[in-house]
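# A structural walkthrough
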2 protein chains.
Amino acid sequence: MAIAQDPRQNYLLAALPTEDLERVRKNLKLVELPLGEALYESGSRQRAVYFPTTAIVSLLHTLADGSSVEIAVVGNEGVIGVSLFMGGETTPSRAVVQSAGHAYRWPGKFLKEEFTLGGPMQHLLLRYTQALLTQMAQTAVCNRHHSLDQQLCRWLLLSLDRLVGNELVMTQELIANMLGVRREGVTEAAGNLQSAGLIRYSRGRIKVLDRAGLEARTCECYSVVKREFDRLLPAVART
Amino acid sequence: MAIAQDPRQNYLLAALPTEDLERVRKNLKLVELPLGEALYESGSRQRAVYFPTTAIVSLLHTLADGSSVEIAVVGNEGVIGVSLFMGGETTPSRAVVQSAGHAYRWPGKFLKEEFTLGGPMQHLLLRYTQALLTQMAQTAVCNRHHSLDQQLCRWLLLSLDRLVGNELVMTQELIANMLGVRREGVTEAAGNLQSAGLIRYSRGRIKVLDRAGLEARTCECYSVVKREFDRLLPAVART
DNA sequence: CGGACTGTGTGCGGTATCGTACACACATTT
DNA sequence: AAATGTGTGTACGATACCGCACACAGTCCG
């Protein structure tokens, strides 16, 4: 399982000109992100950003009563910890590993140095942040207007885009937390998708059988977000 | 009604050191924003940013079927058009004037010049953008978990914070569009607030009678957003 | 003064999701 | 093989909101 790791597995890092990447990579450290680990908690001071390669991380907004919603998902197309370069240092969100894997950790000190140079890295980070804005906005709309079935499709597709393979390890309970709905609701929605032959489900493993079917069933929110990511972060050599 | 206008009525501009403001203000132009005007449409190229002084602008995300939701509201604490300095040039959102008033228009060319200097203006714009991120995230959570009554309270308070006086000109129909619910739903929620003696309603005018009462009735989302704005954009001389 | 329009109130059945409770299936440990 | 725990399926009434239809009341205008 020891796959060779390279910073270029992350699209943002891969999009850097070689000389910039060489300068940056000296301070990158490969770390393993186990399922459920919190990269930062609400309000806590962040000390580094993370560029995922194989891990997927959810940004969650939690309420006082404990209920929560995922507001965005970050994989190897992005970076976790935008508040470090935006200047706020903290956010009211949490970042939780949704799918175990690896990421490159970059201490805030180096990030800020590089950011103030105003070069390609600054440019990429800001464009990524705008893509994140879009994802969050679309999530807000989706929460309001679309059925649980559709939202589940969207969520599966967003996760799938950030994974290798077509299987995700994820209980219905966890999905319910992400979507901010009851676990039973997810059971029903997932049952619908399974009856339709789009996925197969078994104790915390979801295998996607018909990706096109999911795309047909989901709301426009998925494609809006995807299109905006492609527009803002284009044409890096996506291996 | 011709009140003297000064860029410093906008908090971001007011927070600039004098020399920076002097440089910037040369290219600012005071414009009037009538109710309902769109500062930019979804996907259209933005040519300038706007610093409101007395106007309030809603950022709306619209779906293919025409239904929409407000994802953030911008008044004299902020700026409209963050995608210009974030690098994307466009966004899938629309910006619509929710309450008529004035704003300072700053052409994108000058904005970008100033931004690349990396000085106080860059710093302020980025911190404001982070505050915007928080507002959007909290909106997403609120859409999911809170009752229409609570959301209406939140919305009234957010608007109130950006206005002088305690009266807002706004039909229930428009509020419904902002919140992404039916007009009748707003009628009912507003009726509840009126029975409770918190507001008085009449044909497009809402007078807030008991602000503390609204704060007691709203969800935590209002205070989370407000606190984050105060933290990120502190200590400018708020007249 | 009458008409048209806009904004608001109200009532109805329909439905998606909630909250709660509980049964069952699979997996891992003893 | 039994025991325990975790993940999933199912059923129930409750409820918040929807979609629709329509009545009515201010306001503007000829």
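Not measured: the values here are computed from a predicted model.

### Examining the protein's contact with DNA strand D
Close to DNA strand D lie 14 residues, the nearest being Gln172(A), Arg183(A), Gly204(A), Arg182(B) and Glu184(B). Among the atoms of DNA strand D close to the protein, meaning within 4 Å, 44% are from sugar or phosphate groups. Separating a phosphate oxygen of DNA strand D from a backbone N or O atom of Gly204(A) is a distance of 2.8 Å. For the surface near DNA strand D, the per-class residue count stands at three nonpolar, five polar and six charged.

### Focus on the interface of chain A and chain B
Tallying the contact residues gives 44 residues for chain A and 44 residues for chain B. Counting the surface lost from both chain A and chain B, the interface buries some 3,600 Å², and carbon and sulfur atoms represent 62% of this. The largest share of the area that chain A buries against chain B comes from Leu63(A), Met86(A) and Arg144(A), three residues that together contribute 19% of it. Inspection of the region where chain A meets chain B yields zero salt bridges.

### Quick look at the environment of Tyr222(B)
Residues and elements named next belong to chain B. Tracing the backbone through its elements, the reader meets Tyr222 in helix 10 (residues 220-232). Taking the C-alpha atoms as reference points, Tyr222 and His123, 99 residues apart in sequence, are found 25 Å from one another. Excluding residues within four positions of it along the chain, Tyr222 makes contact with Arg154, Leu157, Leu158, Asp161, Arg211 and Glu215.

### Focus: the side chain of Glu114(B)
All names here are of chain B. For Glu114, the location among the structural elements is in helix 4 (residues 108-116). Here the side chain of Glu114 touches Arg23 through a polar contact of 2.7 Å, side chain to side chain. In contact with Glu114, not counting residues within four places along its chain, are Asp20, Arg23, Val24, Trp106 and Met121.

### What to know about the protein's contact with DNA strand C
Inspection of the region around DNA strand C gives 14 residues, with Leu148(A), Arg182(A), Glu184(A), Gln172(B) and Arg203(B) positioned closest. The protein-proximal atoms of DNA strand C, defined as those within 4 Å of the protein, are 44% sugar or phosphate. Contact between DNA strand C and Glu184(A): a base oxygen at 2.8 Å from a side-chain N or O atom of the residue. A distance of 2.9 Å is found between a phosphate oxygen of DNA strand C and a backbone nitrogen or oxygen belonging to Gly204(B). Looking at the surface near DNA strand C element by element, the count peaks at three residues for helix 8 (residues 183-195) of chain B. For the surface near DNA strand C, the per-class residue count stands at three nonpolar, five polar and six charged.

### A word on the domain arrangement of chain A
Residues and elements named next belong to chain A. Looking at the assigned domains, one finds that chain A contains domain 1 (7-121) and domain 2 (147-218). Between domain 1 and domain 2, the C-alpha centre-to-centre distance is 25 Å. Where domain 1 abuts domain 2, roughly 970 Å² becomes buried across the two surfaces, and 58% of that area is made up of carbon and sulfur atoms. Where domain 1 meets domain 2, there are one salt bridge. For Glu77, the salt bridge identified is with Arg162, shortest N-O distance 3.2 Å. On inspection of domain 1 and its partner domain 2, the count reaches four residue pairs in polar contact (both at pLDDT 80 or more). Of all the secondary structure elements, the ones that give two or more residues to the side of domain 1 that touches domain 2 are strand 4 (56-62), strand 5 (68-74) and strand 6 (93-99). Element by element, the count of residues in the side of domain 1 that touches domain 2 is highest for strand 5, at five residues. Per-class residue counts for the side of domain 1 that touches domain 2 are five nonpolar, five polar and two charged.

### A word on the packing of aromatic side chains
Residue and element names in this part refer to chain A. Within this structure, the stated rule accounts for six aromatic pairs over all chains. Between the aromatic rings of Phe51 and Trp106, the centroid separation amounts to 6.1 Å while the plane-to-plane angle is 45°, which identifies the pairing as tilted. With Phe51 in strand 3 (residues 48-52) and Trp106 in strand 7 (residues 101-107), the pair connects residues that are 55 residues apart, well separated along the chain. Ring geometry for Phe85 versus Phe115: centroids 5.5 Å apart, planes at 25°, classification stacked. Placement of Phe85 in helix 3 (residues 83-86) and of Phe115 in helix 4 (residues 108-116) is noted, with a sequence separation of 30 residues between them. Here the guanidinium or amino end of Arg162 rests over the ring plane of Phe229, the centre of that ring lying 5.8 Å away.

### Remarks on the pairing of strand 10 (residues 205-208) of chain A
Residues and elements named next belong to chain A. Residues of strand 10 alternate between two faces, with Ile206 and Val208 buried on one and Arg205 and Lys207 left unburied on the opposite face. With three bridges joining them, strand 8 (residues 167-169) and strand 10 adopt antiparallel strand pairing. Its bridge partner lying in strand 10, Leu168 is registered against Ile206. As defined by bridge partners, strand 9 (residues 199-202) adjoins strand 10 across four bridges and the pair is classed as antiparallel. The partner of Ser202 across the bridge, within strand 10, is Arg205. Linking two consecutive strands that pair antiparallel, namely strand 9 and strand 10, is a turn of two residues; a positive phi of about 40° is found at Arg203 within it.

### What to know about unusual backbone geometry
Residues and elements named next belong to chain B. In this structure, Glu89 takes a positive phi of about 70° despite not being glycine. Within the secondary structure, Glu89 sits in the loop between helix 3 (83-86) and strand 6 (93-99). Phi at Arg203 is positive, roughly 40°, even though this residue is not glycine. With respect to the helices and strands, Arg203 occurs in the loop between strand 9 (199-202) and strand 10 (205-208).

Procedures and definitions
- Residues numbered from 1 in each chain as written.
- Chains lettered and ligands numbered in written order.
- Predicted model: local features only at pLDDT ≥ 70, side-chain atom pairs only at ≥ 80, totals over all residues.
- Heavy atoms only, no water.
- Near = heavy atom within 4 Å.
- Polar contact = N/O pair within 3.5 Å; in protein donor to acceptor, adjacent residues only side chain to side chain.
- Nonpolar A, V, L, I, M, F, W, Y, C, P; charged D, E, K, R; others polar.
- Contact = heavy atoms within 4.5 Å.
- Buried area = accessible area lost by both parts, 1.4 Å probe.
- Salt bridge = Lys/Arg side-chain N within 4 Å of Asp/Glu carboxyl O.
- Helix = DSSP H or I, 4+ residues; strand = E, 2+ residues; numbered from the N terminus.
- Domains from an automatic or database assignment.
- Phe/Tyr/Trp six-rings, centres within 6.5 Å; stacked < 30°, edge-to-face > 60°.
- Lys NZ or Arg CZ within 6 Å of the ring centre and 35° of its normal.
- Buried < 20%, exposed > 50% of the residue type's maximum accessible area, 1.4 Å probe, protein only.
- Pairing = 2+ DSSP bridges.

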